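Working through the structure, step by step
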Amino acid sequence: MAETKKLYVKTYGCQMNVYDSERMAGALAPSGYEQTDSPDDADMILLNTCHIREKAAEKVYSELGRMRSLKDAKPDLKIGVTGCVAQAEGEEIIRRQPLVDLVVGPQAYHRLPAMEAKVRQGARAIDTEFPEEDKFDYLPRARGPKASRAPAAFLTVQEGCDKFCAFCVVPYTRGAEVSRPAARIMAEARDLVERGVAEITLLGQNVNAYHGEGLNGADWSLARLVQELAGIEGLERIRYTTSHPNDMTEDLYAAHAEIDKLMPYLHLPVQSGSDPILKAMNRRHTAEQYLRVLDRMRAARPDMAISGDFIVGFPGETDADFKATLRLCEEVRYASAFSFKYSARPGTPAADRPTIPDDVASARLAELQDMLTRHQREFQQAQVGKTLPVLFEKPGREPGQMIGKSPYLQSVFVTAAPEARGKILPVEITASAPNSLAGRLA
Ligand code: 5AD
Ligand code: SF4
């Protein structure tokens, strides 16, 4: 074993990046790296970046600027950029930022140890290829002490996207859609459960399009995979994200009706409620088709909490188009939702289209967010008086307080002993706030 060095990983963007960061730390452990929470004592800093919106990418460059003083103080410090900005702008980062020693895209993370060895010799390294092999086969999981393992974990089952929505960088940064074989996923899930994990969220950019090799050699759907995972003793909760309306299948509705461990929460982005805009976005579904998917879901699981993503101010969006989005939200009544102002991304089909005035887009975003917040409050308020099973995850800020998650992914604050961590206990909900609930052990 080499001498111990410190690794600081800063994660931006989606949950898949959170998962990848953990795997990168695992990959560098055999090279002698231990993770640290502070960039100041790091020997290597990795910025695991997001390219989804303009602001996300800008943050990376300003963060890199701030790292100059760290490198001045410690010339041996190595700085790497990983993730989707690395994939999209790798060459430019190397050119623009002499501070950066290493650039590696999401599909080449298993080559990180070799690259680390190279940069230790003083070279700079860049790898933004899309190799054939499953990188996760070569990326050991970080193996911290069991006691520090959070009771909820992410597990990537599908990556990439073939849908090419007109606004989106993901098909370019994450590549073509690939599903991991069920055997690997099952082994990883069992390993997580052995280390105290009670809840697993299956990740994929189009997770409900999962079609990996099953344990019997045939192609398995997401629902079939969930069914197999539900058989793992000790695994109490299963979630999945993000889904696409066009990939919703009969067996997934049925799974929600039949499998208790599958949680009643569905993140199903629609982006707009206007058919002409959906068409311009190349979503390949109408507002009506989206609503019918939700009907089917709610028929299978009446208490299903629905979450969504919205883009306002897409090129060509008129007042009437925007009103259609508001109408759709009124109808769905989202339990939670994320909304963004359109941001032109280089290389995407919509990037060259004439944009609408920024003040119009901002006003629409504010109006939409007002409505979404109101609906979210209503959903939160509707839990008061109910008794919900809560998975306790970590201590709260107040002494004697623990924070857990409801089946609907709400944070719940409860007075409870630290031993509650990792357990699912019934909690009577006593109060609601926009982003959390309070309750007492029932
Ligand atoms: N501009 C604004 N928002 C975007 N998203 C994706 N691409 C863009 C873009 N170019 C949003 C979508 C997606 C979420 C992850 O980010 O709503 O569902
Ligand atoms: Fe951001 Fe998309 Fe990359 Fe996730 S996959 S980090 S959301 S660009």
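What you see is a predicted model; the values in this text were computed from it and never measured.

A separate point is the overall build of the chain. Across its full length, the chain carries 13 helices and 19 strands. Here the C-alpha radius of gyration of the chain, 22 Å, is about what a compact globule of 442 residues would show, namely 22 Å. On the principal axes, the C-alpha backbone points of the chain span a range of 60 × 55 × 50 Å. Per-residue burial for the chain yields a buried fraction of 56% across its 442 residues. The contacts of the chain with a sequence gap of at least 6 include a subset with a gap of at least 24, amounting to 72%. Accessible surface, the chain as shown: approximately 19100 Å² in total, 51% of it carbon and sulfur. In the chain, 56 side chains carry a positive charge and 61 a negative one; their mean positions are 3 Å apart.

The full set of residues close to ligand 2 is C14, N17, T49, C50, H51, I52, C84, V170, R174 and Q205. Residues of the shell around ligand 2, tallied by class, amount to five nonpolar, four polar and one charged. Each of two domains, domain 1 (5-127) and domain 2 (150-263), supplies a minimum of three residues to the shell around ligand 2.

Once that is clear, we can look at the pairing of strand β17 (residues 411-415). On any regular strand, side chains alternate: one points to one face of the sheet, the next to the other face. Of the two faces of β17, only the one carrying V412 and V414 is buried; S411, F413 and T415 on the other face are not. With five bridges joining them, strand β16 (residues 401-405) and β17 adopt antiparallel strand pairing. In the strand pairing of β17, M402 is matched with V414. As consecutive antiparallel partners, β16 and β17 are separated by five residues, and within that stretch L409 has a phi angle of approximately 70°, a positive value. Here β17 runs beside strand β19 (residues 436-441); their pairing, made up of four bridges, is parallel. When the sheet's bridge partners are listed, F413 is paired in β19 with A438.

Those places that UniProt annotates as "domain: MTTase N-terminal" (unreviewed entry) correspond, in this numbering, to residues 5-121. End-to-end, the C-alpha atoms of residues 5-121 are 15 Å apart, and along that stretch the chain is 48% helix and 21% strand.

Another aspect to go through is the packing of helix α1 (residues 15-28) against helix α5 (residues 112-120). Interhelical geometry of α1 versus α5 gives an angle of 60° and a closest axis separation of 9 Å. By the criterion of interaxial angle, the relationship of α1 to α5 is oblique. By crossing handedness, the relation of α1 to α5 is classed as right-handed. Contact with α1, carried on its side by M24, A27 and L28, involves L112, P113 and E116 of α5 and no other residues of that element. Tallied by class, residues from the contact of α1 with α5 come to five nonpolar, no polar and one charged.

A few words now on the sheet that holds strand β7 (residues 152-156). Here three strands make up an open sheet; going across it, the order is β7-β10-β11 and the pairing parallel. Each edge of the open sheet is held by one strand with a lone partner, namely β7 and β11 (237-241). The sheet shows a mean angle of 25° between the axes of neighbouring strands, direction not considered. Judged from the five bridges that link them, β7 and strand β10 (residues 199-203) form a sheet pairing that is parallel. Directly across from F154, in β10, lies its bridge partner T201.

This part covers the UniProt feature "binding site: [4Fe-4S] cluster 2" (unreviewed entry) in the chain. The positions that UniProt labels "binding site: [4Fe-4S] cluster 2" (unreviewed entry) are, in the present scheme, C161, C165 and C168. Of note, C165 is situated in the loop between β8 (158-159) and α6 (170-173). Each residue touching C165, except ones within four places of it in the same chain, is listed here: M281, N282 and R283. Inspection of the secondary structure puts C168 in the loop between β8 and α6. Among residues more than four places away in sequence, those in contact with C168 are I52 and T348.

Turning our eyes to something else, we now look at the environment of T373. Assignment of secondary structure puts T373 in helix α13 (residues 358-381). On the basis of relative accessible area, T373 is assigned to the partly exposed category, the value being 35%. When the C-alpha atoms of T373 and V332 are compared, they prove to be 13 Å apart, with 41 residues separating the residues in sequence.

Where helix α11 (residues 287-300) meets helix α12 (residues 319-332), the closest approach of the two axes is 11 Å, and the angle between their N-to-C directions is 10°. The orientation of α11 with respect to α12, classified from their angle, is roughly parallel. Of α12, the residues touching α11 (which contributes A287, Y290, L291, R292, L294 and R298) are L328, E331 and V332. Taken together, the residues of the contact of α11 with α12 sort by class into six nonpolar, no polar and three charged.

Turning to the site of ligand 1, a few remarks are in order. In the vicinity of ligand 1, the contacting residues are I52, R53, F167, Q271, D309, I311, F340, K341, Y342, S343 and R345. Contact between ligand 1 and F167: a nitrogen atom at 3.0 Å from a main-chain N or O atom of the residue. Interatomic distance of 2.6 Å between a side-chain N/O atom of Q271 and an oxygen atom of ligand 1. Coverage of ligand 1 by the protein amounts to 87% of the 400 Å² it exposes when considered alone. Counting residues per element, the ones that place at least two in the shell around ligand 1 are β13 (305-312) and β14 (336-341).

Applying the stated rule across the entire model yields five aromatic pairs. Summarising the aromatic geometry, the rings of F167 and F314 are spaced 6.4 Å apart at their centres and angled 85° between planes, so their arrangement reads as edge-to-face. A residue pair is termed long-range when its members are at least 10 positions apart, and F167 in the loop between β8 and α6 and F314 in the loop between β13 and α12 qualify at 147 residues. The same class applies to F167 as to F314, namely buried. Look at F379 and Y408: their rings are 5.8 Å apart centre to centre, the planes differ by 85°, and that puts the pair in the edge-to-face class.

Criteria and thresholds
Residues numbered from 1 in each chain as written. Chains lettered and ligands numbered in written order. Predicted model: local features only at pLDDT ≥ 70, side-chain atom pairs only at ≥ 80, totals over all residues. Heavy atoms only, no water. Helix = DSSP H or I, 4+ residues; strand = E, 2+ residues; numbered from the N terminus. Rg over C-alpha atoms; globule rule 2.2 N^0.38 Å. Buried < 20%, exposed > 50% of the residue type's maximum accessible area, 1.4 Å probe, protein only. Contact = heavy atoms within 4.5 Å. Areas by Shrake-Rupley, 256 points an atom, 1.4 Å probe, with all protein chains shown as cover. Lys, Arg positive; Asp, Glu negative; His and termini not counted. Charge placed at Lys NZ, Arg CZ, Asp CG, Glu CD. Near = heavy atom within 4 Å. Nonpolar A, V, L, I, M, F, W, Y, C, P; charged D, E, K, R; others polar. Domains from an automatic or database assignment. Pairing = 2+ DSSP bridges. UniProt positions renumbered as here; feature names shortened; annotations may be inferred. Axes fitted to C-alpha atoms, helices over the stretch in contact; angles between N-to-C directions. Parallel < 35°, antiparallel > 145°, perpendicular 65-115°, else oblique. Left-handed = near helix turned anticlockwise from the far one by under 90°. Polar contact = N/O pair within 3.5 Å; in protein donor to acceptor, adjacent residues only side chain to side chain. Phe/Tyr/Trp six-rings, centres within 6.5 Å; stacked < 30°, edge-to-face > 60°.

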